[in-house]
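Chain and residue survey
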Amino acid sequence: MRVDGTRRRTIWLEGDGRTVGIIDQTSLPFGFRTARLTRLDEAEEAIRAMRVRGAPLIGVTAAYGMALAMAESASDWSVDLAYGRLLAARPTAVNLRWALDRMREVLDITPPGERMARAYAEAASMAEEDVATCEAIGRHGLRLVKDMQALHPDRPLNILTHCNAGWLATVDWGTATAPIYQAHQQGIPVHVWVDETRPRNQGAFLTAWELGQEGVPHTVIPDNTGGHLMQRGMVDLCIVGTDRVTAEGDVANKIGTYLKALAAKDTGVPFWVALPGSTIDWTLEDGVRDIPIEQRGGEEVSDLTGQTRDGRVETVRVVSPGSPVANYAFDVTPARLVSGFITERGLCEATRDGLSGLFPDQDDRTRPRNAANDA
Ligand code: MRU
């Protein structure tokens, strides 16, 4: 998507064919900075410090992290070390494990002398696939947006989103935002309610910034406003992203998503979740019980960074000194609260049957049956 009118992606390979370029998202929205990753530890730090964030982008960055590791040393030991360090960088987004498993599978069957080139090629394919996947999520989600807009032809469709599942969270397009961008590009009037998303403000900082860059009408609201707007008929549709979906359709996403889903259920507002197939964790069923929830540093809750009126970026404390804080980064929305999934293969119900129907090649319950049928 565009930054000051110029098309950009969140991650790219620099001209030397080795260095990985990223948009440093910790500088947004008050400044635009890029960063260069040249070593495994820099890729690991970029994920951990959330210079890159969002499930799909974390996965692609980890893939490039493996390539950077192979450029340093391509031994079996280095493959294991890089895999372990990158996997531990952030626990909730399963795309990280998905990307690392895919890289390790490729590297395990590649002789050390060829591993570096193979790793860069695989990471580049993943980045390209992510763009195509998100574009397809947008195409399928657009049908939903069009259908809903047809119910209110006299006014823009009001869509609420939480956190940033925009292009900054992927390589391009985003997941939750892809249908919104495609609708906007086709002249379908949309307006986005952007949850600010405390504690790190991904909505107020990132989603608002990228929608603004694309000229999509939007309004930032405090996190506790959504329920009120839904009661007043001011939200037609919720679309959020996700970091991990269990085989039964439970959805982990940024803390606060669950409360929006509860309000949506109570008020009859459709609550859709956009995701690539790589976000489904087929090994888990009960998300509330089994999805690991990242807990981050308390300073993200006790402190706020913003811009002063004279343009300086400063961090201030917003919690009474001495009071303990808690920082759970994600929560789980049970499948029963989800109206459906928007994926690169189409729309489906938030159930195992729904997911298996679209991804029979990924679900162990249907995969052996297919293999038997093929034989
Ligand atoms: O902590 P973050 O900023 O990485 O959390 C991001 C989210 O929760 C997104 O909604 C999710 O990763 C989906 S991104 C397409």
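Cut-offs applied
Residues numbered from 1 in each chain as written. Predicted model: local features only at pLDDT ≥ 70, side-chain atom pairs only at ≥ 80, totals over all residues. Heavy atoms only, no water. Helix = DSSP H or I, 4+ residues; strand = E, 2+ residues; numbered from the N terminus. Contact = heavy atoms within 4.5 Å. Areas by Shrake-Rupley, 256 points an atom, 1.4 Å probe, with all protein chains shown as cover. Lys, Arg positive; Asp, Glu negative; His and termini not counted. Charge placed at Lys NZ, Arg CZ, Asp CG, Glu CD. Phe/Tyr/Trp six-rings, centres within 6.5 Å; stacked < 30°, edge-to-face > 60°. Buried < 20%, exposed > 50% of the residue type's maximum accessible area, 1.4 Å probe, protein only. Core = buried A, V, L, I, M, F, W, Y, C linked by side-chain atoms within 4.5 Å. Domains from an automatic or database assignment. Pairing = 2+ DSSP bridges. Buried area = accessible area lost by both parts, 1.4 Å probe. Salt bridge = Lys/Arg side-chain N within 4 Å of Asp/Glu carboxyl O. Axes fitted to C-alpha atoms, helices over the stretch in contact; angles between N-to-C directions. Parallel < 35°, antiparallel > 145°, perpendicular 65-115°, else oblique. Left-handed = near helix turned anticlockwise from the far one by under 90°. Nonpolar A, V, L, I, M, F, W, Y, C, P; charged D, E, K, R; others polar. Near = heavy atom within 4 Å. Polar contact = N/O pair within 3.5 Å; in protein donor to acceptor, adjacent residues only side chain to side chain.

**Re the overall build of the protein chain**
The helix and strand inventory of the protein chain stands at 13 helices and 18 strands. A principal-axis box enclosing the C-alpha atoms of the protein chain has dimensions of 65 × 60 × 45 Å. A sequence separation of at least 24 residues applies to 73% of the contacts in the protein chain between residues at least 6 apart. Counting only carbon and sulfur atoms, one obtains 50% of the accessible surface of the protein chain, whose full area is about 15500 Å². In the protein chain, 40 positive and 51 negative side-chain charges are present, and the distance between their average locations comes to 2 Å.

**Thoughts on the packing of aromatic side chains**
All chains considered together, the criterion is met by two aromatic pairs. Residues F32 and W209 carry aromatic rings whose centres are separated by 6.2 Å and whose planes lie at 15° to one another, so their mutual orientation is stacked. Taken together, the positions of F32 in the loop between β4 (20–23) and β5 (34–37) and W209 in helix α7 (residues 202–214) put the pair 177 residues apart, joining distant regions of the chain. Residue classification places W209 among the buried positions, given a relative accessible area of 13%.

**Some points on the nonpolar core**
By size, the foremost hydrophobic cluster in this structure holds 77 residues, and its most contacted members are I11, M66, I159, W167, V190 and L237. Three or more residues apiece are contributed to this core by two domains, here domain 1 (2–129) and domain 2 (143–358). Within the second largest apolar cluster, 29 residues are counted, among which are W193, F271, A350 and F359.

**What about the sheet that holds strand β16 (residues 330–333)?**
With respect to topology, four strands assemble into an open sheet ordered β13-β10-β11-β16, the strand pairing being mixed. Lying at the two open borders of the sheet, with one neighbouring strand each, are β13 (280–281) and β16. Of the pairings in the sheet, the one linking strand β10 (residues 244–246) to β13 comprises two bridges and is parallel in character. Residue pairing in the sheet places V245 in a bridge with I280 of β13.

**With respect to the domain arrangement of the protein chain**
By a frequent convention, interface size equals the accessible area lost on bringing the separate parts together. When the domains of the protein chain are assigned, the result is domain 1 (2–129) and domain 2 (143–358). Between the C-alpha centres of domain 1 and domain 2 the distance comes to 24 Å. Contacts between domain 1 and domain 2 engage 33 residues on the former and 37 residues on the latter. Here domain 1 packs against domain 2, burying approximately 3000 Å² in sum over the two surfaces, 55% of which is carbon and sulfur. Of all residues in domain 1, R2, F30 and T92 bury the most surface against domain 2, accounting for 24% of the area lost on that side. At the boundary of domain 1 and domain 2, one finds four salt bridges.

**Points about the packing of helix α5 (residues 112–150) against helix α6 (residues 177–185)**
Their axes nearest at 7 Å, the elements α5 and α6 cross at an angle of 70°. Our classification of the angle between α5 and α6 gives roughly perpendicular. Regarding α5 and α6, the two cross each other, and that crossing is right-handed. When α5 is examined against α6, the residues C134, E135, I137, G138, R139, G141, L142 and V145 are found in contact with a partner set consisting of A178, P179, Q182 and A183. Partitioned by chemical class, the residues of the contact of α5 with α6 number seven nonpolar, three polar and two charged.

**Digging into the site of the ligand**
Contacts to the ligand come from 18 residues, most closely from R90, Q202, D243, N253 and K254. Within the backbone of G54, one N or O atom sits 2.9 Å away from an oxygen atom of the ligand. The backbone of A55 places a nitrogen or oxygen atom 2.9 Å from an oxygen atom of the ligand. Contact with the protein chains covers 99% of the free accessible surface of the ligand, which is 410 Å². When contributions to the shell around the ligand are tallied by element, the ones reaching two or more residues are α2 (55–72) and β11 (251–254). Classifying every residue of the shell around the ligand gives seven nonpolar, seven polar and four charged.

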